[in-house]
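Each chain is listed here by its residues.
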Amino acid sequence: KAGVTQTPRYLIKTRGQQVTLSCSPISGHRSVSWYQQTPGQGLQFLFEYFSETQRNKGNFPGRFSGRQFSNSRSEMNVSTLELGDSALYLCASSRGQTETQYFGPGTRLLVL
Amino acid sequence: GESVGLHLPTLSVQEGDNSIINCAYSNSASDYFIWYKQESGKGPQFIIDIRSNMDKRQGQRVTVLLNKTVKHLSLQIAATQPGDSAVYFCAVIFYNQGGKLIFGQGTELSVKP
């Protein structure tokens, strides 16, 4: 069974731009969560989607948004990029909300 | 608020020795605990999990111990190998926060040959 895939793997943007990251969960998994990982803050929860509905949200500004499609694939969007948004963005999928989450390789975003 | 912390940011062990990585959590409402391993350039990889109705669970060369009385979780790796070098995270689900996963800061394990 294929694992969680994320595209693109690397991305360079400039301040003020917006970016869309994509995540394809493991087949049969309906829950997708997004995390931001930085050296200073560690792994921080962004949001979680289940059956196209956002069920949980972390403490990030409204510039960070996401959605989930009917095939469980998910996208997250960051608008008006800031230098501090440079990070590894990780997607994780699970069968349900309290099931084990399996992570993708991440998208490394650099904002210049 | 709820938090998850690790006792040591780094741990260095000799190849063949046993490793113990510790983690503490703050919320008694936690029900599900997971250990992840993250190698450089990769996403976190699931190692082992344990639910609150257990105090010990064993996998291949790994054991997780849960002490709910002192809110402490540990990961034991037997016969540590160079391939075990990575950052290890404990993660906890706090059900009073809608079930989101909260991660500790991570312990970087270095295995000396």
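Details of the structure are given in the entry above.
Note that the coordinates shown come from a computational prediction; the quantities given were computed from them, not determined experimentally.

Draft legend 1. Broad picture of the side chain of Q36 of chain A. Note that Q36 of chain A resides in strand β4 (residues 31-38). Only 3.0 Å separates the side chain of Q36 of chain A from the side chain of Y89 of chain A, close enough to count as a polar contact.

Draft legend 2. How the structure looks around the sheet that holds strand β3 (residues 19-24) of chain A. Residues and elements named next belong to chain A. The strand order β1-β3-β8-β7 describes an open sheet built from four strands, whose pairing is antiparallel. This sheet does not close on itself; its edge strands, each paired only once, are β1 (5-7) and β7 (64-68). When strand polarity is set aside, the average angle formed by the axes of neighbouring strands in this sheet is 20°. Relative to strand β8 (residues 74-78), β3 runs antiparallel, the two being bridged by five bridges. Looking across to β8, one finds that V19 is bridged to V78.

Draft legend 3. Region of interest: the interface of chain A and chain B. With 22 residues of chain A in contact, the opposing surface of chain B contributes 20 residues. The largest contributions to the chain A side of the interface with chain B come from L43, T98 and F103 of chain A, which together make up 32% of the buried area. Across the contact surface, chain A and chain B share zero salt bridges. At the boundary of chain A with chain B, the tally comes to four residue pairs in polar contact (both at pLDDT 80 or more). Counting only elements with at least two residues in the side of chain A that touches chain B, the list comes to β4, β5 (42-50), β6 (53-57), β9 (87-94) and β10 (102-103) of chain A. Here the side of chain A that touches chain B takes three residues from β5 of chain A, the largest share from any one element. Across the side of chain A that touches chain B, the residue classes tally to eight nonpolar, eleven polar and three charged.

Draft legend 4. Region of the structure containing the nonpolar core. Core analysis: the biggest nonpolar cluster contains 24 residues, and V4, F33, W35, L73, L75, Y88 and L109 of chain B have the highest contact counts within it. At the level of elements, β2 (10-14), β3 (19-25), β4 (30-38), β5 (45-51), β7 (62-67), β8 (72-77), β9 (86-94) and β11 (107-112) of chain B are the ones that each hand at least two residues to this core. When residues of this core are assigned to their parent elements, the largest contribution, five residues, is made by β9 of chain B. If sequence neighbours within four positions are ignored, L75 of chain B has contacts with S19, I20, I21, W35, I47, I48, V62, T63 and Y88 of chain B. With 21 residues, the next largest nonpolar core counts L11, C23, Y49 and F64 of chain A among its residues.

Draft legend 5. Region of the structure containing the environment of Y49 of chain A. Residues and elements named next belong to chain A. Summarising the element assignment, Y49 is placed in strand β5. Taking the C-alpha atoms as reference, Y49 lies 8.7 Å from S72; in sequence the two are 23 residues apart. Those residues in contact with Y49 that lie beyond four places of it in its chain are R30, S31, V32, Q54, G66, R67, Q68 and S74. For Y49, the side chain forms a polar contact with the side chain of Q54, separated by 2.9 Å.

Parameters and conventions
Residues numbered from 1 in each chain as written. Chains lettered and ligands numbered in written order. Predicted model: local features only at pLDDT ≥ 70, side-chain atom pairs only at ≥ 80, totals over all residues. Heavy atoms only, no water. Helix = DSSP H or I, 4+ residues; strand = E, 2+ residues; numbered from the N terminus. Polar contact = N/O pair within 3.5 Å; in protein donor to acceptor, adjacent residues only side chain to side chain. Pairing = 2+ DSSP bridges. Axes fitted to C-alpha atoms, helices over the stretch in contact; angles between N-to-C directions. Contact = heavy atoms within 4.5 Å. Buried area = accessible area lost by both parts, 1.4 Å probe. Salt bridge = Lys/Arg side-chain N within 4 Å of Asp/Glu carboxyl O. Nonpolar A, V, L, I, M, F, W, Y, C, P; charged D, E, K, R; others polar. Core = buried A, V, L, I, M, F, W, Y, C linked by side-chain atoms within 4.5 Å. Buried < 20%, exposed > 50% of the residue type's maximum accessible area, 1.4 Å probe, protein only.

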